[in-house]
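Chains, contacts and geometry: an overview
Here is what each chain is made of, one letter per residue.
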Amino acid sequence: GFLLSLVFVLFAYSSAVAESGYYLGFKTGASIQDYTDVSFVNPRITTGVAKDNDTDTTALISFQLGKTLSSSTRVEVEYAKTTDTATFDRYYNNFPTTLQQIKVDSERLMFNGYYNLKEMKMATVYLSAGVGIAFNDTDATQGTSSEFNEETSTSVAWSLGAGLSRVIAEGWSMDVGYRYVDLGEADTGMSEFSPFDEHFEGELDTHEVIVGIRSSF
């Protein structure tokens, strides 16, 4: 498609300008989110409770402020968020025809480091790692009318990734890459229906395929 063609053209551009100093960056791509170990907590049911998983894909955007430390290393602060609500479906195991939907909006603040492994003809291979804080805003419905209170879970987040980086013009660089991000807990508040003591618990992580651009200053 057009995006892949653009990436290829930019990476094939043979600029040899070196990176230096501070930079601002922007990334976008697909966030393939996994909601795992999902359980419906009901204090009156303690046996036969099943945990399950579901996956949804949304768009991701992020903004970075960073500094290039050397020809092989750079560090940055990143704010990232999903642009759409991820929706995860499950069925209440005691009532298998009752659809439960958990909805999560996630954002995070990360400190990332990058290390350039090898400079090739078209691009430089890099590894990345990050740690920060994730804010997972989680809501849910059960059936057609039962609602749960929205709650924001704050968790330690961490990431590992790899990709390709290319200087495309003086002061401008482009990245394409993959990263895994563990976003921690994503739990709802209590049910809004009597007896007001049921909720969902789960863990959120994501596989991200991203394209980014950086401008040095």
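Treat the numbers as computed from the prediction; the structure is a model and nothing was measured.

**Section: the pairing of strand 3 (residues 73-82)**
Residues Arg 74, Glu 76, Glu 78, Ala 80 and Thr 82 of strand 3 are buried on one face, while the alternating residues Thr 73, Val 75, Val 77, Tyr 79 and Lys 81, pointing to the opposite face, are not. Bridging between strand 2 (residues 52-68) and strand 3 involves nine bridges; their strand directions are antiparallel. The partner of Gly 66 across the bridge, within strand 3, is Glu 76. What sits between the antiparallel neighbours strand 2 and strand 3 is a turn of four residues. Note that strand 3 and strand 5 (residues 99-119) share nine bridges and pair antiparallel. The residue of strand 5 that forms the bridge with Arg 74 is Tyr 114.

**Overview of the pattern of salt bridges**
Using the criterion set out here, one finds seven salt bridges in the structure. Ionic pairing is found between Glu 78 and Arg 179, a salt bridge with its closest N-O pair at 2.8 Å. With a gap of 101 residues between them, Glu 78 in strand 3 and Arg 179 in strand 9 (residues 172-185) connect regions that are remote in the sequence. One exposure class covers both Glu 78 and Arg 179, and it is buried. For Arg 179, the salt bridge identified is with Glu 208, shortest N-O distance 2.7 Å. Here Arg 179 is found in strand 9, whereas its partner Glu 208 is found in strand 10 (residues 199-216), with 29 residues between them in sequence. Residue Arg 179 is classed as buried on the basis of its relative accessible area, which comes to 5%.

About the cut-offs
- Residues numbered from 1 in each chain as written.
- Predicted model: local features only at pLDDT ≥ 70, side-chain atom pairs only at ≥ 80, totals over all residues.
- Heavy atoms only, no water.
- Buried < 20%, exposed > 50% of the residue type's maximum accessible area, 1.4 Å probe, protein only.
- Helix = DSSP H or I, 4+ residues; strand = E, 2+ residues; numbered from the N terminus.
- Pairing = 2+ DSSP bridges.
- Salt bridge = Lys/Arg side-chain N within 4 Å of Asp/Glu carboxyl O.

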